[in-house]
Amino acid sequence: MEHDEIYLIDLWRIFTREWKWFVLVLVLTLASTYAFAHLVKRQWEATAWIQIGQVGQVPPGQDPKVEPLQRVIERLQLVPFENEILHGAGYAKTSSVAQLYRKSLKLEPLLYAGSLVKLSVRGYSRQQASELAAATVARLRMVHQGLEEAPLRAARARLAQVEVDLQTAEADRAHYEQAAAPGHRGGTGGKDIADPVLASLLLANKNEEIRGLRQLRIDLVERLGPTYTYQTSMMWPVYVPDKQAFPNPELTWGIGLLLAVFLGSSAALARNVARRPARG
């Protein structure tokens, strides 16, 4: 009765008899791993955190962000927009740097952190990866500057109008205070009020108006301040680790060693099978 099972002692005999094939394939695979680890172009990965700009003073119900977060992500993934970034950084759109940029670009929205976008991109050096990340943020900021121009202009015009209205109201209040003063005699001017009681009522209304205008001015100034109105920018400097992202030395040699053992074992077993005489 024949048994087709292969026991450990049989495997040991096979490897002791075919050890040359095992070692040969093992050495060739490790040599290939060494060549790959030293000849392939190294890549570094840069990470940037983008804060989307906003205009604090917008109509009720409107998002103060210059551009919605999802639309920002879609824009950054457009090939024409990426070509503009690469051109601004000094790279042709058909270069290997451009291909690596498009392939490695990763975008992660961070809604919990206040509408931030985490951007990761690779380059063939630490400096190149950092420059590409910075160029991406710079180009996006230029686009957003154009988008925020109209709402900013409207908000500043609104503030200027409030300032004019406040100055006019304060001038009117001074006139009413004079008219309401005891012993005041009305003149012939068009705005002069002869009745002190009427002047007092108008003064009270004007004081209320001035309080409202001052509060509105404070709110507008605060909304146009750096807390609520700011440009698209990086929250922190671009981060590029000292260690390369590809190839990973530990991972490369780990995979290479496992592959070498597997291929060496396969070669030894295949050689042993080839030595067996054909069964009749």
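Check the entry above for the structure.
Being a predicted model, the structure only gives us computed values, none of them experimental.

Colleague: For this particular structure, what's the right way to read the overall build of the protein?
Modeller: Scanning the protein from N- to C-terminus turns up 8 helices and 4 strands. Secondary structure elements of the protein, listed N to C terminal, follow the sequence α-α-β-α-α-α-β-β-α-α-β-α. Taken over C-alpha atoms, the radius of gyration comes to 38 Å for the protein, far larger than the 19 Å a tight globule of 280 residues would show. Along the longest, intermediate and shortest principal axes, the C-alpha atoms of the protein span 135 × 45 × 35 Å. Just so you have it, the protein exposes about 17700 Å², and 59% of that area is on carbon and sulfur atoms. Averaging the positions of the 33 positive and the 28 negative side-chain charges in the protein gives two centres separated by 10 Å.

Colleague: Is there a simple way to explain the side chain of glutamine 43 in this structure?
Modeller: Note on placement: glutamine 43 falls in the loop between α2 (19–39) and β1 (44–51). You can call glutamine 43 buried: its relative accessible area is 11%. When sequence neighbours within four positions are dropped, the list of residues in contact with glutamine 43 reads Leu100, Arg122, Gly123, Tyr124, Gln244, Ala245 and Phe246.

Colleague: How should I be thinking about the pairing of β1 in this particular structure?
Modeller: Within a regular strand, the side chains alternate between the two sheet faces. The buried fraction of β1 is high, at 7 of 8 residues. Where β1 meets strand β3 (residues 116–123), 8 bridges bridge the pair, whose relative direction is antiparallel. Bridging from a neighbouring strand, tryptophan 49 pairs with lysine 118 of β3. Inspection of the sheet shows β1 paired to strand β4 (residues 233–234) by 2 bridges, in the antiparallel sense. Bridging from a neighbouring strand, glutamine 51 pairs with serine 233 of β4.

Colleague: What is the right way to look at the packing of helix α3 (residues 69–76) against helix α6 (residues 126–180) in this model?
Modeller: When two helices pack together, their arrangement is captured by the angle between the axes and the distance separating the axes. Contact geometry for α3 and α6: axes closest at 12 Å, N-to-C directions at 125°. What the angle tells us is that α3 and α6 run oblique. Judged by the twist between their axes, the crossing of α3 over α6 is right-handed. From α3, Val72, Arg75 and Leu76 reach across to α6, where they touch Thr136, Leu140, Val143, His144 and Leu147. In terms of residue class, the contact of α3 with α6 is built from 5 nonpolar, 2 polar and 1 charged.

Colleague: Please explain the packing of helix α4 (residues 79–89) against helix α5 (residues 96–104) as it appears in this structure.
Modeller: The geometry of α4 relative to α5 is characterised by a closest axis approach of 11 Å and an angle of 130° between their N-to-C directions. As the angle between them shows, α4 and α5 are arranged oblique. Once α4 is placed against α5, the crossing between them reads as right-handed. Between α4 and α5, the contacting residues are Val79, Glu82, Asn83, Ile85 and Leu86 on the first element and Ala98, Tyr101 and Arg102 on the second. For the contact of α4 with α5, the class distribution of residues is 5 nonpolar, 1 polar and 2 charged.

Conventions adopted
Residues numbered from 1 in each chain as written. Predicted model: local features only at pLDDT ≥ 70, side-chain atom pairs only at ≥ 80, totals over all residues. Heavy atoms only, no water. Helix = DSSP H or I, 4+ residues; strand = E, 2+ residues; numbered from the N terminus. Rg over C-alpha atoms; globule rule 2.2 N^0.38 Å. Areas by Shrake-Rupley, 256 points an atom, 1.4 Å probe, with all protein chains shown as cover. Lys, Arg positive; Asp, Glu negative; His and termini not counted. Charge placed at Lys NZ, Arg CZ, Asp CG, Glu CD. Buried < 20%, exposed > 50% of the residue type's maximum accessible area, 1.4 Å probe, protein only. Contact = heavy atoms within 4.5 Å. Pairing = 2+ DSSP bridges. Axes fitted to C-alpha atoms, helices over the stretch in contact; angles between N-to-C directions. Parallel < 35°, antiparallel > 145°, perpendicular 65-115°, else oblique. Left-handed = near helix turned anticlockwise from the far one by under 90°. Nonpolar A, V, L, I, M, F, W, Y, C, P; charged D, E, K, R; others polar.

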